[in-house]
Amino acid sequence: MRRLLIAGNWKSNCGRVEASDLMAAVNEGLHQLRPDVSVMIFPPYTSLAEAQVLCSELHYGAQNCSSFEVGAYTGEVAAEMLASYGCSAVIVGHSERRQILAENEEALAAKTRRALAADMAVVFCVGESLQERESGQAEAVCCAQLGTLMSVLGNMDLAELVAKERVIVAYEPVWAIGTGKTASAEDAQAMHATLRSEMSRTLGEQAGKVQILYGGSVKSANAGQLFRQADIDGALIGGASLDADEFVEIVRIADALVEG
């Protein structure tokens, strides 16, 4: 049985004061969650110290990590450094880093290896553009991106990684991020099922235990329909995670579905 994971990606938002207030508000609303629902936030680097102190009811991670180990790499933040701050996970391959910052598959593979070596989970993002979807390339594009993660995992102890929930995939259709658009629950489920099938080529039966999150304009209005799908195991939430009430409501929806 896969747990539902609700993750909030704050992106480049919230200074220390705003981050502290948001963490406190989210914590306050998340008492007595069932063990089959987990919650994680990804604040900016500058608020990780606050997360260490304030995140009592939820886990936290980093939005990125260096592809290099600790050393003479000015401006880089190594995975080991993030782990020392108590980060549980790192987001790798988010569409904004792929597109705006031109991160290629080689860099993403290196970051994945560094995060796993530092005993953190990897939330590995895949997703297609509107043009790729309309031209019928969506599945091929997403599976090719997923291949980077699978290439890294091929030589690792898959059973242990999966058992410890250190391999997480997030499907984020690029055309639905920050646009107010969202894939239908059925379309999202179809892609999630495709990704799980693709993972099984490398992971075998372990693919059935990997959480696959949906990340495209998730709100309380559509969360329930999405979470009811067989292969959707939660959400990677952007804008709505900056509203404590909305984010907590999405978590409560997931919690109610687990109870039901």
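Just above, that's the structure.
Now for the overall build of the chain. Looking only at helices and strands, one finds eleven helices and eight strands in the chain. For a compact globule of 260 residues, the expected C-alpha radius of gyration is about 18 Å, and the chain comes in at 17 Å, within 12% of that figure. Dimensions of the chain, computed from the C-alpha atoms along their principal axes, are close to 50 × 45 × 35 Å. Partitioning the contacts of the chain with sequence separation of at least 6, the portion at a separation of at least 24 is 73%. For the chain, the exposed surface amounts to about 11,500 Å²; the carbon and sulfur share of it is 48%. If you average the places of the 20 positive and of the 34 negative side-chain charges in the chain, the two averages end up 2 Å apart.

Within this structure, the stated rule accounts for 14 salt bridges. With a closest N to O distance of 2.7 Å, Arg133 and Glu128 form a salt bridge. On the accessibility criterion, Arg133 (26% relative accessible area) is partly exposed. Given a relative accessible area of 0%, Glu128 falls into the buried group.

Quick look at the pairing of strand β5 (residues 121-126) now. In terms of residue burial, β5 counts as a mostly covered element, since six of its six residues are buried. Residue alternation in β5 divides its side chains into two sets, Ala121, Val123 and Cys125 and Val122, Phe124 and Val126, and both sets are buried. Pairing between strand β4 (residues 89-92) and β5: four bridges, direction parallel. Opposite Val90, over in β5, you have Val122 as the bridge partner. Both β5 and strand β6 (residues 167-171) contribute to a ladder of five bridges, which runs parallel. Each bridged residue has a counterpart across the sheet, and for Phe124 the counterpart in β6 is Val169.

Under the criterion given, the structure shown has two aromatic pairs. Aromatic side chains Phe68 and Tyr73 sit 4.2 Å apart centroid to centroid with 5 degrees between the ring planes, which places their arrangement in the stacked category. By relative accessible area, Tyr73 is classed as partly exposed at 36%. Ring geometry for Tyr171 versus Tyr214: centroids 6.1 Å apart, planes at 55 degrees, classification tilted. One end of the pair, Tyr171, is in strand β6; the other, Tyr214, is in strand β7 (residues 211-214), with 43 residues separating them in the sequence. Judged by its relative accessible area of 0%, Tyr171 is buried. Note on Tyr214: relative accessible area 1%, which makes it buried.

What counts, and where the lines are drawn
- Residues numbered from 1 in each chain as written.
- Predicted model: local features only at pLDDT ≥ 70, side-chain atom pairs only at ≥ 80, totals over all residues.
- Heavy atoms only, no water.
- Helix = DSSP H or I, 4+ residues; strand = E, 2+ residues; numbered from the N terminus.
- Rg over C-alpha atoms; globule rule 2.2 N^0.38 Å.
- Contact = heavy atoms within 4.5 Å.
- Areas by Shrake-Rupley, 256 points an atom, 1.4 Å probe, with all protein chains shown as cover.
- Lys, Arg positive; Asp, Glu negative; His and termini not counted.
- Charge placed at Lys NZ, Arg CZ, Asp CG, Glu CD.
- Salt bridge = Lys/Arg side-chain N within 4 Å of Asp/Glu carboxyl O.
- Buried < 20%, exposed > 50% of the residue type's maximum accessible area, 1.4 Å probe, protein only.
- Pairing = 2+ DSSP bridges.
- Phe/Tyr/Trp six-rings, centres within 6.5 Å; stacked < 30°, edge-to-face > 60°.

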